[in-house]
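Here is how the chains run, residue by residue.
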Amino acid sequence: MPRMENQEVQDYVPSAPAAAAATPPPSGGATAKQPLPAAKGSDGNSVLKRLQSELMALMMCGDPGVSAFPEGDNIFSWKGTITGSKDTAYEGMVYKLSLSFPSDYPFKPPKVKFETTCFHPNVDLYGNICLDILQDKWSSAYDVRTILLSIQSLLGEPNNDSPLNTQAAALWINQEEFRKMVEKMYKPA
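Residues numbered from 1 in each chain as written. Predicted model: local features only at pLDDT ≥ 70, side-chain atom pairs only at ≥ 80, totals over all residues. Heavy atoms only, no water.

Asker: Give me the overall build of the protein: which residues, what numbers.
Answerer: Across its full length, the protein holds five helices and four strands. Ordered by position from N to C terminus, the α and β elements of the protein give α-α-β-β-β-β-α-α-α. Within the span of the protein, comprising 189 residues, buried residues form 45% of the whole. Working note: accessible area of the protein is about 10,000 Å², and carbon and sulfur atoms make up 52% of it. (Helix = DSSP H or I, 4+ residues; strand = E, 2+ residues; numbered from the N terminus. Buried < 20%, exposed > 50% of the residue type's maximum accessible area, 1.4 Å probe, protein only. Areas by Shrake-Rupley, 256 points an atom, 1.4 Å probe, with all protein chains shown as cover.)

So, in C-alpha coordinates, the structure goes:
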(Lines give C-alpha, C1' and ligand atoms only; values in the text may rest on other atoms or scores of the structure.)
Protein backbone atom coordinates (compact mmCIF):
# COMPACT_ATOMS: atom_id res chain seq x y z
CA MET A 1 0.00 0.00 0.00
CA PRO A 2 1.31 3.47 -0.75
CA ARG A 3 2.19 5.57 2.26
CA MET A 4 1.29 9.24 2.59
CA GLU A 5 3.35 11.77 4.44
CA ASN A 6 1.73 13.59 7.39
CA GLN A 7 0.87 16.75 5.44
CA GLU A 8 -0.61 14.68 2.59
CA VAL A 9 -2.93 12.90 5.02
CA GLN A 10 -4.05 16.19 6.57
CA ASP A 11 -4.76 17.60 3.11
CA TYR A 12 -6.42 14.43 1.80
CA VAL A 13 -9.72 15.28 0.12
CA PRO A 14 -11.66 12.83 -2.07
CA SER A 15 -12.56 14.06 -5.53
CA ALA A 16 -16.26 13.23 -5.12
CA PRO A 17 -18.20 15.39 -2.65
CA ALA A 18 -19.56 13.48 0.34
CA ALA A 19 -22.87 14.18 1.98
CA ALA A 20 -23.39 13.31 5.61
CA ALA A 21 -26.58 13.22 7.61
CA ALA A 22 -25.15 13.22 11.10
CA THR A 23 -26.75 13.33 14.48
CA PRO A 24 -25.40 15.30 17.44
CA PRO A 25 -22.41 13.56 19.04
CA PRO A 26 -22.89 11.82 22.37
CA SER A 27 -21.00 13.16 25.36
CA GLY A 28 -17.52 11.68 25.63
CA GLY A 29 -16.79 9.42 22.68
CA ALA A 30 -13.07 10.14 22.49
CA THR A 31 -10.54 7.48 23.22
CA ALA A 32 -8.08 7.96 26.03
CA LYS A 33 -5.20 7.61 23.60
CA GLN A 34 -6.21 10.39 21.23
CA PRO A 35 -9.39 12.46 20.99
CA LEU A 36 -11.17 12.15 17.66
CA PRO A 37 -13.22 14.93 16.13
CA ALA A 38 -16.95 14.30 16.23
CA ALA A 39 -18.88 13.97 12.99
CA LYS A 40 -21.36 16.79 12.67
CA GLY A 41 -22.56 19.09 9.98
CA SER A 42 -24.29 18.39 6.71
CA ASP A 43 -21.38 18.73 4.32
CA GLY A 44 -19.39 15.68 5.38
CA ASN A 45 -16.36 17.76 6.41
CA SER A 46 -16.45 16.48 10.01
CA VAL A 47 -16.67 12.87 8.84
CA LEU A 48 -13.82 13.59 6.46
CA LYS A 49 -11.74 15.08 9.29
CA ARG A 50 -12.53 12.10 11.52
CA LEU A 51 -11.37 9.65 8.85
CA GLN A 52 -8.25 11.72 8.16
CA SER A 53 -7.49 11.69 11.89
CA GLU A 54 -8.01 7.93 12.07
CA LEU A 55 -5.76 7.39 9.05
CA MET A 56 -3.03 9.44 10.69
CA ALA A 57 -3.42 7.60 14.03
CA LEU A 58 -3.34 4.22 12.30
CA MET A 59 -0.19 5.13 10.38
CA MET A 60 1.51 6.30 13.58
CA CYS A 61 0.40 3.51 15.97
CA GLY A 62 2.63 0.76 14.61
CA ASP A 63 0.36 -2.12 15.70
CA PRO A 64 1.83 -5.32 14.26
CA GLY A 65 -0.26 -7.17 11.71
CA VAL A 66 -2.91 -4.52 10.97
CA SER A 67 -3.09 -1.78 8.39
CA ALA A 68 -5.68 0.11 6.36
CA PHE A 69 -5.70 2.86 3.80
CA PRO A 70 -8.28 4.65 1.62
CA GLU A 71 -8.94 3.00 -1.71
CA GLY A 72 -7.93 5.41 -4.46
CA ASP A 73 -9.25 8.90 -3.78
CA ASN A 74 -12.34 7.80 -1.85
CA ILE A 75 -11.72 8.22 1.87
CA PHE A 76 -15.09 6.55 2.61
CA SER A 77 -13.86 3.26 1.12
CA TRP A 78 -10.75 1.62 2.61
CA LYS A 79 -8.77 -1.55 2.09
CA GLY A 80 -7.33 -3.16 5.18
CA THR A 81 -5.12 -6.10 6.03
CA ILE A 82 -4.75 -8.23 9.11
CA THR A 83 -2.19 -10.92 9.76
CA GLY A 84 -3.17 -13.96 11.77
CA SER A 85 -1.71 -13.92 15.28
CA LYS A 86 0.98 -16.24 16.56
CA ASP A 87 -0.19 -19.60 17.92
CA THR A 88 -3.50 -19.53 16.03
CA ALA A 89 -4.68 -21.49 12.99
CA TYR A 90 -4.23 -18.23 11.06
CA GLU A 91 -0.62 -17.53 12.07
CA GLY A 92 1.26 -15.72 9.31
CA MET A 93 -1.70 -15.56 6.93
CA VAL A 94 -2.54 -12.13 5.56
CA TYR A 95 -6.22 -11.34 5.02
CA LYS A 96 -7.54 -8.44 2.99
CA LEU A 97 -10.64 -6.56 4.14
CA SER A 98 -12.88 -3.88 2.71
CA LEU A 99 -14.23 -1.10 4.94
CA SER A 100 -17.06 1.11 3.74
CA PHE A 101 -17.91 4.11 5.93
CA PRO A 102 -21.45 5.52 6.05
CA SER A 103 -22.11 9.24 5.81
CA ASP A 104 -23.11 9.29 9.49
CA TYR A 105 -19.89 7.66 10.70
CA PRO A 106 -18.88 7.39 13.58
CA PHE A 107 -22.45 7.12 14.84
CA LYS A 108 -22.99 4.10 12.61
CA PRO A 109 -20.34 1.40 12.09
CA PRO A 110 -18.59 0.85 8.79
CA LYS A 111 -19.46 -2.22 6.73
CA VAL A 112 -16.46 -4.53 6.98
CA LYS A 113 -15.98 -7.70 4.91
CA PHE A 114 -13.21 -10.17 4.27
CA GLU A 115 -12.00 -9.97 0.67
CA THR A 116 -9.71 -12.98 1.18
CA THR A 117 -11.58 -16.23 1.79
CA CYS A 118 -11.52 -16.91 5.51
CA PHE A 119 -12.70 -20.20 7.02
CA HIS A 120 -13.89 -19.10 10.44
CA PRO A 121 -16.96 -19.67 12.65
CA ASN A 122 -17.87 -15.95 12.56
CA VAL A 123 -17.23 -15.33 8.84
CA ASP A 124 -19.61 -16.53 6.14
CA LEU A 125 -18.75 -17.61 2.59
CA TYR A 126 -19.31 -14.04 1.35
CA GLY A 127 -16.85 -12.48 3.82
CA ASN A 128 -19.50 -11.05 6.17
CA ILE A 129 -18.33 -10.87 9.78
CA CYS A 130 -20.36 -11.52 12.92
CA LEU A 131 -18.70 -9.25 15.47
CA ASP A 132 -20.69 -7.37 18.10
CA ILE A 133 -18.79 -4.08 17.76
CA LEU A 134 -19.75 -3.97 14.08
CA GLN A 135 -23.41 -4.36 15.01
CA ASP A 136 -25.34 -3.73 18.22
CA LYS A 137 -22.30 -2.99 20.42
CA TRP A 138 -20.94 -0.24 18.17
CA SER A 139 -19.74 2.96 19.84
CA SER A 140 -18.60 6.21 18.26
CA ALA A 141 -15.46 5.85 20.39
CA TYR A 142 -14.32 2.93 18.19
CA ASP A 143 -12.08 3.60 15.24
CA VAL A 144 -10.46 1.70 12.34
CA ARG A 145 -7.60 0.55 14.58
CA THR A 146 -10.06 -0.89 17.14
CA ILE A 147 -11.98 -2.67 14.39
CA LEU A 148 -8.87 -4.24 12.85
CA LEU A 149 -7.46 -5.35 16.20
CA SER A 150 -10.85 -6.81 17.19
CA ILE A 151 -11.08 -8.82 13.96
CA GLN A 152 -7.49 -9.99 14.40
CA SER A 153 -8.38 -11.14 17.92
CA LEU A 154 -11.59 -12.80 16.70
CA LEU A 155 -9.55 -15.04 14.39
CA GLY A 156 -7.98 -16.80 17.37
CA GLU A 157 -10.98 -16.52 19.69
CA PRO A 158 -14.22 -17.10 17.78
CA ASN A 159 -17.67 -16.75 19.26
CA ASN A 160 -19.07 -20.23 18.58
CA ASP A 161 -22.37 -19.23 20.22
CA SER A 162 -23.12 -17.01 17.22
CA PRO A 163 -21.65 -18.73 14.15
CA LEU A 164 -22.14 -17.60 10.58
CA ASN A 165 -20.28 -20.69 9.37
CA THR A 166 -21.66 -23.72 11.23
CA GLN A 167 -19.15 -26.09 9.59
CA ALA A 168 -16.24 -24.02 10.95
CA ALA A 169 -17.89 -23.78 14.38
CA ALA A 170 -18.35 -27.57 14.56
CA LEU A 171 -14.77 -28.21 13.42
CA TRP A 172 -13.27 -25.70 15.91
CA ILE A 173 -12.99 -28.34 18.68
CA ASN A 174 -10.61 -30.40 16.48
CA GLN A 175 -7.83 -27.85 15.97
CA GLU A 176 -5.72 -30.12 13.76
CA GLU A 177 -8.56 -30.60 11.26
CA PHE A 178 -9.59 -26.97 11.64
CA ARG A 179 -6.06 -25.82 10.66
CA LYS A 180 -6.12 -28.06 7.60
CA MET A 181 -9.39 -26.52 6.47
CA VAL A 182 -8.12 -22.96 7.11
CA GLU A 183 -5.05 -23.69 4.97
CA LYS A 184 -7.14 -25.36 2.26
CA MET A 185 -9.53 -22.39 2.01
CA TYR A 186 -6.83 -19.68 2.22
CA LYS A 187 -6.00 -18.14 -1.16
CA PRO A 188 -3.84 -15.04 -0.74
CA ALA A 189 -4.41 -12.26 -3.25
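Asker: Please give an account of the UniProt feature "active site" (unreviewed entry) in the protein that cites residues and values.
Answerer: The sites that carry the UniProt feature "active site" (unreviewed entry) are, in the present numbering, Cys130. Residues in contact with Cys130, not counting those within four places in the same chain, are Asn122, Gln135, Leu154, Ser162 and Leu164. (UniProt positions renumbered as here; feature names shortened; annotations may be inferred. Contact = heavy atoms within 4.5 Å.)

Asker: Tell me what's going on with the pattern of salt bridges, and back it up with residues and numbers.
Answerer: For the structure on display, the rule yields four salt bridges. Measuring nitrogen to oxygen at the nearest pair gives 2.4 Å for the salt bridge that ties Asp63 to Arg145. Within this pair, whereas Asp63 is found in the loop between α2 (45-61) and β1 (66-71), its partner Arg145 is found in helix α3 (residues 144-156), the two being separated by 82 residues in sequence. A salt bridge links Glu176 to Lys180, with the shortest nitrogen-to-oxygen separation between them at 3.8 Å. In this pair, Glu176 and Lys180 are both assigned in helix α5 (residues 175-185), four residues apart and thus about one turn of the helix distant. When its relative accessible area of 55% is taken as the criterion, Glu176 is described as exposed. One salt-bridge network, in which partners are shared between bridges, spans Glu176, Glu177 and Lys180. (Salt bridge = Lys/Arg side-chain N within 4 Å of Asp/Glu carboxyl O.)

Asker: Got a sec to walk through the confidence of the model for the protein? Specific residues and values, please.
Answerer: Averaged over every residue, the pLDDT of the protein is 83; the share at 70 or more is 76%. Confidence drops under pLDDT 50 across residues 1-42; counting only partners more than four residues distant or on other chains, this segment forms 81 contacts. (pLDDT = per-residue confidence, 0-100.)

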